[in-house]
Amino acid sequence: MSFNLTLRQKLFFGIFLSSLIVYSITFVYIVIKNNKRSKADAEQIAVSQGKLYANEIKSLLNTDIGIVEGLSDSFTDFDSIPLEIRKKIYPGILKNTLVQHKKYAGVWHSRPFETNLESGNKQGRINTTFFKAENKIKSFTDTIINQSIEDTSIYNKIMISRKEFISEPHWSNYGGDENFLETTIAYPVFKNGKINGVVGIDIELTEFKEIVGNIKPFGSGYAFFMSNEGKYIYHYDSTFLGKTFAEMNPDEEAEYNITERIKNGEEVKIYATHTDTGDELLVFFVPIKIGETETHWSLGLLIYMNSVRAEGKSTVRSSLIAGLSGFILILIILLLVSNNIFKSIKKGVVFAEKLSTGDLTAEIEINSNDEIGKLTTTLKQMSERIKAIILEVKDNTKEITNFSNILRESSKDFAIQASNQKESAEEVNKSIIEIAINIQKSTNNATSTEEISLKASEELKKVNEAAEKTKKSMKEIAEKISFINNIAMQSNILSLNAAIEAARSGEDGAGFAVVAHEMQNLATNSRIASDEIHELSNNGVIISEETQNLIDNLIPDIQKVVEFVAEIVSFSKIQNSGIINIKEMTEHLNKFSNQNSKFTEDLIENAESFSLMANDLSNSVSYFKTE
């Protein structure tokens, strides 16, 4: 579910709900705080009143203990006084004490003695008692023989404890027709550090009815008085008297162990629920320590928490009325302030609505210096700034339109030039490709020529080496022929000597002469042949030297040819590489020409779009009214 609320309604309901929540939380806090404070006040009052009245009761009982202690001091010298005087003085002390204190039901003195009976010496005591009966003071004396050490009488307890003593409340009538609750306060009589008897008073506990009965915490509560064993000494309901707390309140006794805690002299605070009405109750027990005894009595206060909270409820009602009055006052102030605020806001809204329709001639009154005034001032400044911007945009729109037209025409011219550039780049690319092919062929031929020249150079080197070897061999042959010539010359000389010797020998040397003749012929032929060979070898050496000289002269030329061919190959490779780069550049140029062509097409298209956008912007700006 959605609510279409105005800003004024949202503000009003926001503040209203916020204030309502704050006041509700505050009210709940006050109620809770008041309940806690009421509880704390109840506890504090219960403690203060309880202790106040408990001290009053304690003071009364301690006064009674003081009287008993005074009686004890009076009977200290009892045995040292002559019998006749003793019979006059001490009964008078007891009677006078009873006369002076109307709340006392009786005053008594008990002293020990030993008597000789048939069964032997027995210990006993003599009791002298003064009491009230039939509006008179009466007395009696009796003798009691202690039959057993298990005697639980007050006398025997004091003889054992040697301390003052207060008894549990008990019913008594001292011979009258009406029973009443009484307690006995007793004190030992000392002589030379030994117990020489006991004195005591019996007190009617009805005296506490007036004191305790008048305690009314918060008007509706009440007090009660209990003994050491939890026996009711006073309660506004007389049926409780003489009965124990455990008898009358078994559930609370089982849960809180009240009787034991009273015996221990504890302060006890419990919260309970009234059995009949269901009201919340605060019950507070204040211990009362009586004299130097180990006995604690307790004063109880019962407080109805509804009564405690009654005053707090009044405070809450007053707070609620004050809060509602303040809340209503805030709403009135809110309405007045919101009316003033929203008048200015409404002016701003009307002004903004006119701006939203494009009416920049709208005006707004500024008559405050608060945040709303600052807002309207800002709106006015914004309107003036928008107006200036719109006027500037209109002027710029006209310039943009003109520029887009010029851009469109320039784009068309650029497209034509780009197309021509593309065609030229394609023609250059084709020529470069043909040049590259021819240069590649020249490079290949130059490379082949270089290889042949290198090979011929190597072969000439080998021929030169062979001619050198041939020359060397011819020289060696010439040397060998010279050796043969020497041999032929020696053979000729030897044949001459042989012929001479054959001539000398006559017929015996005829055969030797033939041999000598043959040797001479052989030497002659050898010399002729060696001369021919020597001439041939000399000619061979000359030819070899000439050949070697020719080769030596040819090798540098061939090497130069090789170097020239190598340079041609290197230049061809460099030229080929350059042509390749030029080819790549022409390809890039061709590609760039294509891109330029595409760019010019896009530029023309964008120029047309730009022109359309300028028209749209002009139409949009025309929405605003500036004049």
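Residues numbered from 1 in each chain as written. Predicted model: local features only at pLDDT ≥ 70, side-chain atom pairs only at ≥ 80, totals over all residues. Heavy atoms only, no water.

1. Quick look at the overall build of the chain
Looking only at helices and strands, the chain has ten helices and twelve strands in total. Residues counted as buried form 33% of the 627 residues belonging to the chain. (Helix = DSSP H or I, 4+ residues; strand = E, 2+ residues; numbered from the N terminus. Buried < 20%, exposed > 50% of the residue type's maximum accessible area, 1.4 Å probe, protein only.)

2. Structural notes on the pattern of salt bridges
Under the criterion given, the structure shown has three salt bridges. The salt bridge partner of Glu267 is Lys51, with a shortest N-O separation of 3.4 Å. Residue Glu267 is located in the loop between helix 7 (258-263) and strand 10 (268-273), and its partner Lys51 is located in helix 1 (residues 7-74); the two are separated by 216 residues in the primary sequence. The partly exposed category is assigned to Glu267, whose relative accessible area is 40%. Using a relative accessible area of 36% as the deciding quantity, one classes Lys51 as partly exposed. The salt bridge partner of Asp64 is Lys103, with a shortest N-O separation of 3.1 Å. Here Lys103 lies in the loop between helix 2 (83-100) and strand 1 (104-117) and Asp64 lies in helix 1, a separation of 39 residues in the sequence. Taking relative accessible area as the criterion, Asp64 reaches 1% and is therefore assigned buried. (Salt bridge = Lys/Arg side-chain N within 4 Å of Asp/Glu carboxyl O.)

3. With respect to the nonpolar core
Soluble globular proteins tend to bury their nonpolar side chains together. By size, the foremost hydrophobic cluster in this structure holds 43 residues, and its most contacted members are Ile57, Phe225, Trp297 and Leu299. Beyond its immediate chain neighbours, meaning those up to four positions away, Phe225 contacts Ile57, Phe208, Val212, Lys231, Tyr232, Ile233, Tyr234, Ile288, Trp297, Ser298 and Leu299. Judged by nonpolar contacts, the second largest core, of 15 residues, contains Phe245, Val268, Val283 and Phe285. (Core = buried A, V, L, I, M, F, W, Y, C linked by side-chain atoms within 4.5 Å. Contact = heavy atoms within 4.5 Å.)

4. A look at the side chain of Thr184
Inspection of the secondary structure puts Thr184 in strand 6 (residues 180-191). The class for Thr184 is buried, based on a relative accessible area of 3%. At 2.6 Å, the side chain of Thr184 forms a polar contact with the side chain of Asp202. Those residues in contact with Thr184 that lie beyond four places of it in its chain are Trp108, Ile154, Phe165, Ile166, Ser167, His170, Ile201 and Asp202. (Polar contact = N/O pair within 3.5 Å; in protein donor to acceptor, adjacent residues only side chain to side chain.)

5. Notes on unusual backbone geometry
The phi angle at Arg162 is positive, at roughly 60 degrees, despite the residue not being glycine. You can see Arg162 is positioned in the loop between helix 3 (154-161) and strand 4 (165-166). Here Asn257, not a glycine, exhibits a phi torsion of approximately 55 degrees, which is positive.

6. Focus on a nonpolar patch on the surface
A contiguous nonpolar patch, built from Ile328, Leu329, Ile332, Ile333, Leu336 and Val337 and spanning about 560 Å² of accessible area, is present on the exposed surface. When you line up the elements, Leu329 lands in helix 8 (residues 305-356). (Patch = residues over 30% accessible without salt bridge, like charges linked within 9 Å, V, L, I, M, F, W, Y side chains within 5 Å. Areas by Shrake-Rupley, 256 points an atom, 1.4 Å probe, with all protein chains shown as cover.)

7. Quick notes on helix 3
For helix 3, the full list of buried residues reads Tyr155, Asn156 and Ile158. Down the axis of helix 3, the smallest arc covering the buried residues is 165 degrees, so these residues share one side. Backbone geometry just downstream of helix 3 places Arg162 in the positive-phi region, at approximately 60 degrees. (Arc of directions from axis to C-beta.)

8. What about the pairing of strand 12 (residues 296-304)?
Most of strand 12 is tucked away: nine of the nine residues are buried. Both faces of strand 12 are covered, namely the face carrying His296, Ser298, Gly300, Leu302 and Tyr304 and the face carrying Trp297, Leu299, Leu301 and Ile303. Pairing of strand 8 (residues 222-226) with strand 12 involves five bridges; the strand directions are antiparallel. The partner of Met226 across the bridge, within strand 12, is Ser298. Counting the residues between successive antiparallel strands, the hairpin from strand 11 (residues 280-289) to strand 12 contains six residues, one of them, Gly291, with a positive phi of roughly 55 degrees. (Pairing = 2+ DSSP bridges.)

9. Concerning the environment of Ser48
Looking at the element boundaries, Ser48 is found in helix 1. Spatially, the C-alpha atom of Ser48 lies 9.8 Å from that of Val286, the residues being 238 residues apart in sequence.

10. Considerations on the side chain of Thr97
Within the secondary structure, Thr97 sits in helix 2. Within the structure, Thr97 has its side chain in polar contact with the backbone oxygen of Ile93 (distance 2.8 Å).

11. Side note on the sheet that holds strand 8
The antiparallel open sheet is built from five strands, whose spatial order is 9-8-12-11-10. Sheet topology places strand 9 (232-234) and strand 10 at the edges, where each strand pairs with a single neighbour. The sheet shows a mean angle of 30 degrees between the axes of neighbouring strands, taken without regard to direction. In terms of strand pairing, strand 11 meets strand 12 through nine bridges, oriented antiparallel. Paired with Pro287 across the bridge in strand 12 is Ser298. (Axes fitted to C-alpha atoms, helices over the stretch in contact; angles between N-to-C directions.)

12. Some remarks on the pairing of strand 7 (residues 194-204)
Taken across its eleven residues, strand 7 has nine buried, putting it largely inside the fold. Of the pairings in the sheet, the one linking strand 6 to strand 7 comprises nine bridges and is antiparallel in character. Within the sheet, the bridge partner assigned to Ala186 lies in strand 7 and is Gly200. Taking the residues between adjacent antiparallel strands as the criterion, strand 6 and strand 7 are bridged by two residues, where Asn192 takes a positive phi near 55 degrees.

13. Some thoughts on the confidence of the model for the chain
For the chain, the mean per-residue pLDDT works out to 77, and 77% of the residues sit at or above 70. Confidence, read as mean pLDDT per element, is least for helix 8 in the chain (70) and greatest for helix 7 (94). Under a pLDDT of 50 for its full length, residues 116-120 has, in the predicted model, three contacts with residues more than four places off or in other chains. (pLDDT = per-residue confidence, 0-100.)

14. With respect to a negative patch on the surface
On the surface, Glu69, Asp73, Glu292 and Glu294 cluster together to form a negatively charged patch. By the secondary structure assignment, Glu292 is in the loop between strand 11 and strand 12. You can call Glu292 exposed: its relative accessible area is 58%. (Lys, Arg positive; Asp, Glu negative; His and termini not counted. Charge placed at Lys NZ, Arg CZ, Asp CG, Glu CD.)

15. Regarding the environment of Asn127
Mapped onto the fold, Asn127 is located in strand 2 (residues 120-133). Accessibility expressed as a relative area gives 10% for Asn127, which makes it buried. Excluding residues that lie within four positions of it along the chain, Asn127 makes contacts with His109, Ser110, Phe140, Thr141, Asp142 and Ile144. For Asn127, the side chain forms a polar contact with the side chain of Ser110, separated by 2.4 Å.

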